[in-house]
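Report on the structure
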Amino acid sequence: MSSTDQANVSTMPPGVTDPNYKPLPGRLGNLTAAQQEALDTLRRELQDEGHFVPKRMDDATLLRFLRARKFDVPKAKAMLISAEEWRKEFGIEDLMVNFKFVEKEEVDKYYPQYYHKTDKDGRPIYIERLGKLDIVALYRLTTQERQLKRFVLEYERFLEERLPASSKAIGHPVETSCTILDLQGVSITNFYRVKDYVFQTAKIGQDRYPECMGKFYIINAPWAFSTVTVSKIDILGANYRDKLLSQIPEENLPADLGGRCRCSGGCSLSDAGPWNPQQEDGEA
C-alpha cells in the first residue's frame, strides 16, 4: 500500500473543541484515501439504491458499519440494510414513542442495568449487575420480551441522546461506551435461566449497533474465568478497583463499585450524565 493510501485525507468532524483530540484510525478526521473512498462509495450506493436514511446514516454511522466489516463495502452495505430491515420488524419507531418500562424501579432491585455518568474519555458508563439477578422475582415483574424491548430502547437513547451530549461535554466525538459487568455472587443456575436474553442482547449489539464497545470490564469474575484473555475485554477478579479508577473518575464511579458517587435515590436509577443535566451532579 502506498504512502498516499496511508495518509489522512479526512477533515476533522464539526464541533470539536478539544485541542488534544486525535481521532482513532477509521474515524472522521483520520481516514486513509482507501477508507474515504469506501465511505463515499457506500453512501452513494445506498442513495442510488433507495436505502439511504439521512437521519440515521451520517458518515460516523456508515464508518461504524465499515469498520465492523474491515471496510469491505458490499459486506458493510449488506449489514446496514439487514439492520434497517430488523428495525422495521422489531418496530423501533413505535417502540421509541409508545414503549414505557414502567416496572424499571422494581426490576432494578433484581437485575440492575443502567447508564451512569462518563469515563475519562467521555464515554457513557453502562453498568450491569448480573450477580444480583433474582430470576424468579424478576419474571414476576416483567417478561423477557419486555426486557429486550427496554434494552433496544436504551441502545437507541444511547445513540440519539447519550453520545451527542457526551460528545458536546468533552469537546470531541464520543462513539462508544465503557461497560462494567459485575459477576459478584452470580449463580450458574440463574445465568443459565437468563442466558437466552443475554445472548440475544449480545447479538443485537454486535449485528445492529456495531462498533459501540469502547472499554469493557468484567469484574468479580470467578477464578477460572479471570484467567481467560478476551480481546477488548478486561476480565478482573475482586481486586478491580484500581483498574476501574484508571479509566473512570472516582466521583463518577458508584460507591458500591469502589468510587465516591452516591446519587440521591441510588446511582442505578439516577440516569446521571451529560444527557441528563439535572442529575449530573449526583452526590459524590
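Attention in this report is confined to the structure presented alongside it. (Residues numbered from 1 in each chain as written. Predicted model: local features only at pLDDT ≥ 70, side-chain atom pairs only at ≥ 80, totals over all residues. Heavy atoms only, no water.)

Glycine aside, the phi torsion of most residues is negative, and most peptide linkages are trans. Of note in the backbone geometry, K117 takes a positive phi value of approximately 55° without being a glycine. In this structure, N220 takes a positive phi of about 55° despite not being glycine. With relative accessibility at 14%, the residue N220 sits in the buried group. (Buried < 20%, exposed > 50% of the residue type's maximum accessible area, 1.4 Å probe, protein only.)

Further remarks concern the pattern of salt bridges. This structure, assessed with the given rule, holds 26 salt bridges. Among the salt bridges present, the one from K77 reaches E49, with a minimum N-O distance of 2.8 Å. In this pair, K77 sits in helix 4 (residues 73-90) while E49 sits in the loop between helix 2 (33-48) and helix 3 (59-68), placing the two residues 28 residues apart along the sequence. For K77, a relative accessible area of 14% translates into the label buried. With a closest N to O distance of 3.6 Å, R67 and E211 form a salt bridge. Of this pair, R67 sits in helix 3 while E211 sits in the loop between helix 9 (188-208) and strand 4 (213-219); the two residues are 144 residues apart in sequence, bridging distant segments of the chain. (Salt bridge = Lys/Arg side-chain N within 4 Å of Asp/Glu carboxyl O. Helix = DSSP H or I, 4+ residues; strand = E, 2+ residues; numbered from the N terminus.)

Here we come to the sheet that holds strand 1 (residues 113-118). Strand pairs in the sheet, formed through backbone hydrogen bonds, run parallel or antiparallel to each other. Spatially, the five strands line up as an open sheet ordered 1-2-3-4-5, and their pairing is mixed. The open sheet has two edge strands, strand 1 and strand 5 (233-235), and neither has a second partner. Along the sheet, successive strands turn relative to each other by an average axial angle of 20°, direction set aside. Where helix 8 (residues 144-170) meets the sheet, it contacts strand 1, strand 2 (124-129) and strand 3 (177-182), and its direction lies at approximately 10° from that of strand 1. (Pairing = 2+ DSSP bridges. Axes fitted to C-alpha atoms, helices over the stretch in contact; angles between N-to-C directions. Contact = heavy atoms within 4.5 Å.)

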